[in-house]
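Read off the chains here:
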Amino acid sequence: MAMVKEILRSRNILLVVLIPLLLLPLPLSYPCSEASCAYVLIVTAVYWVSEAVPLGAAALIPAFLYPLFGVMKSSEVAAEYFKNTTLLLMGVICVAASVEKWNLHKRIALRMVMMAGAKPGMLLLCFMCCTTVLSMWLSNTSTTAMVMPIVEAVLQELVNAEEERDVISTAGSTIIEENKPIGLNEKHDQPSLELIFINEDATTTDFSSLMHSKAQILVLPPKPSELDLSTKYRYQSRHDHMICKCLSLSISYAATIGGLTTIIGTSTSLIFLEHFNNQYPNAEVVNFGTWFLFSFPISLIMLVLTWFWMHWLFLGCNFKETCSVSKKRKTKREEMSERRIHEEYKKLGNVSYPEMVTGFFFILMTLLWFTREPGFVPGWSSFFEKKGYRTDATVSVFLGFLLFLIPAKKPCFGKKEKDAERPTNTNTLDPIITWKDFQKTMPWEIVVLVGGGYALAAGCKTSGLSTWIGRQMLSLSSLPYWAVTLLACILVSLVTEFVSNPATITIFLPILCSMSETLLINPLYTLIPVTMCISFAVMLPVGNPPNAIVFSYGHCQIKDMVIAGLGVNLIGLAVVMVAINTWGIRLFQLNTFPEWAAVSNVTSQT
């Protein structure tokens, strides 16, 4: 028994050693580029799926195996690890770092909740809208980690009103002291709103280890062994428990929905964009504007349907009672919750100068992205003589660079500044963000992971492996195009529940490109729905870090996540399929096999 435990403990080492050895006969028996590339692809995929080594480390495998097997030159592989999308991400992270540093995101969240009130239905809708908006620009993980403590603070006030606390304190003060509700401050009995920000698509293992570190500042629940003991003291009724479940799970789902809206919302969409631009350099059809026009209606429809689904599943069908905004219908604890939210908002004080600059840059960056090449009218890039030199990365890097230069202290211009208006802990010449702020927010592992995906895709194309895989897909030619896309979406939706999103899309993109070219389907007809469906890993805590964050608060069980997540998954799949077959066809001209795809197909075959 001890030997079995030891083997299980060292299974990662065994996988790292045995997988390359067991697959080694493949390139040795078939000494060709296709077999060598397949060997590298399978080894990397197994490492990604099993997470035997960190995702970023596994992404470096093509950097040394491709040159060793003669698939690609070392200089060619190295060029794949830093692309235009990397610069786009770096510029966006500069703005995101400023947003998080100066608490602009917290101000937006609390302001939106103040507008909704404390009715459960309206509170649910408001938090979902707020999370969706933030997740369009911040990573899903950072958004969830920021909003959940605020949700927890509101829930504690909503569930533990004074009139009910008095009853509990006389009967079980000792047990309450040992099993406090999540995130309560010992001195003032108020929920803590301290935050932690984690790089998106970090593994669940990494997240778990981070939760136990001494530097941790995320509001965490009691140990799982204590949850059953404290349940009846934390929830005064089943209805209260349902409210906590509903609000907690909805944050993770709303973060996923918001990430779909913009091309920079998730790492999966960034990986798709760079792979698509590399595979089809003549295709100038996907940019920030066209992606937003396609995905915004999807996010809006999904947000409304998910709200209805979560409300029906946990709160019932009494929408009139839970969504009323009338002050006459508010209970005492709902008024207390609203008072608590207003207090938290007042703590932020007036809008500071760095917040105003950050908000201005945030809006300016979005406008410049939209107006660069809107499609229906000439954009600002047409004012330059040379075409094709400026991308969305140009805008984000330029604005991000300015944030390192602009001082965080408002210029006085000869006037004496009031002490109240002076930012705390800020020297006169300190910029709005420093390199340390950028380093804390920049997901370098994702950058390397994305680069590894580009390297794998380039190797598949150079060796001819993608062409060979495409030929094996000819058996699907008898199916309608929509059925092929639906099967691909269902497949990736299942895989991504157990495999990280970046790893899933990196594995499937080259295969789907080859399949589309072989079947003469517009590649976008398959790639866009699959990219979106990969983000629907919402059924298990291991699906993505936002799920793990929500699960860590202890309000919901795995069966709750499975049931609720299955509904969200089906909603997303249905909405995406309807979208790609309606306005998606007109927006991307999906009813024809494009010339840029035909050119790429001929090039790869030669």
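Residues numbered from 1 in each chain as written. Predicted model: local features only at pLDDT ≥ 70, side-chain atom pairs only at ≥ 80, totals over all residues. Heavy atoms only, no water.

Draft legend 1. Local environment of the overall build of the protein. Of regular secondary structure, the protein possesses 31 helices and zero strands. Residues classed as buried in the protein amount to 55% of the 606 residues present. The long-range share in the protein, meaning contacts at least 24 apart out of those at least 6 apart in sequence, stands at 80%. (Helix = DSSP H or I, 4+ residues; strand = E, 2+ residues; numbered from the N terminus. Buried < 20%, exposed > 50% of the residue type's maximum accessible area, 1.4 Å probe, protein only. Contact = heavy atoms within 4.5 Å.)

Draft legend 2. View of the packing of aromatic side chains. Tallying each qualifying case throughout the model produces 18 aromatic pairs. Both rings, one in Phe294 and one in Trp583, keep their centres 6.4 Å apart while their planes meet at 55°; by these two values the pair is tilted. On the criterion of sequence distance, the pair formed by Phe294 in helix α17 (residues 288–315) and Trp583 in helix α30 (residues 583–588) is long-range, its members being 289 residues apart. Within the aromatic cluster, the residues linked to one another by ring pairs are Phe272, Phe276, Tyr280, Trp291 and Trp596. One Lys or Arg, Arg107, reaches over the ring of Tyr345 and ends 5.6 Å from the middle of that ring. (Phe/Tyr/Trp six-rings, centres within 6.5 Å; stacked < 30°, edge-to-face > 60°. Lys NZ or Arg CZ within 6 Å of the ring centre and 35° of its normal.)

Draft legend 3. Structural detail: the side chain of Ser135. Here Ser135 is to be found in helix α10 (residues 120–135). Judged by its relative accessible area of 0%, Ser135 is buried. Excluding residues within four positions of it along the chain, Ser135 makes contact with Asn140, Thr143, Ala255, Gly258, Gly259 and Gly265.

Draft legend 4. Spotlight on helix α21 (residues 392–403). For α21, built from 12 residues, the straight-helix expectation of 16 Å at 1.5 Å per residue is met to within 8% by its first-to-last C-alpha distance of 17 Å. Residues of α21 that are buried include every one of Asp392, Ala393, Val395, Ser396, Leu399, Gly400 and Leu403, and no others. Taken end-on, α21 shows its buried residues confined to a sector of 160°, consistent with a single buried face. Buried positions along α21 lie against α8 (84–101), α17 and α20 (353–372). (Expected span 1.5 Å × (residues − 1). Arc of directions from axis to C-beta.)

Draft legend 5. Looking closely at the pattern of salt bridges. Scanning the model with the defined rule gives three salt bridges in all. Among the ionic pairs, Lys245 bridges to Asp560, the shortest N-O distance being 3.1 Å. Placement of the pair is Lys245 in helix α15 (residues 238–261) and Asp560 in helix α29 (residues 558–580), with a sequence separation of 315 residues. Comparing Lys245 with Asp560 shows no difference in burial state: the two are buried. (Salt bridge = Lys/Arg side-chain N within 4 Å of Asp/Glu carboxyl O.)

Draft legend 6. Seen up close, the environment of Ser33. Structurally, Ser33 is set in helix α4 (residues 33–50). Here Ser33 falls in the partly exposed class, since its relative accessible area comes to 31%. Sequence spacing of Ser33 and Thr462 is 429 residues, and the spatial spacing of their C-alpha atoms is 8.6 Å. Beyond its immediate chain neighbours, meaning those up to four positions away, Ser33 contacts Val71 and Ser463.

Interpretation in functional terms is not warranted from these geometric data alone.
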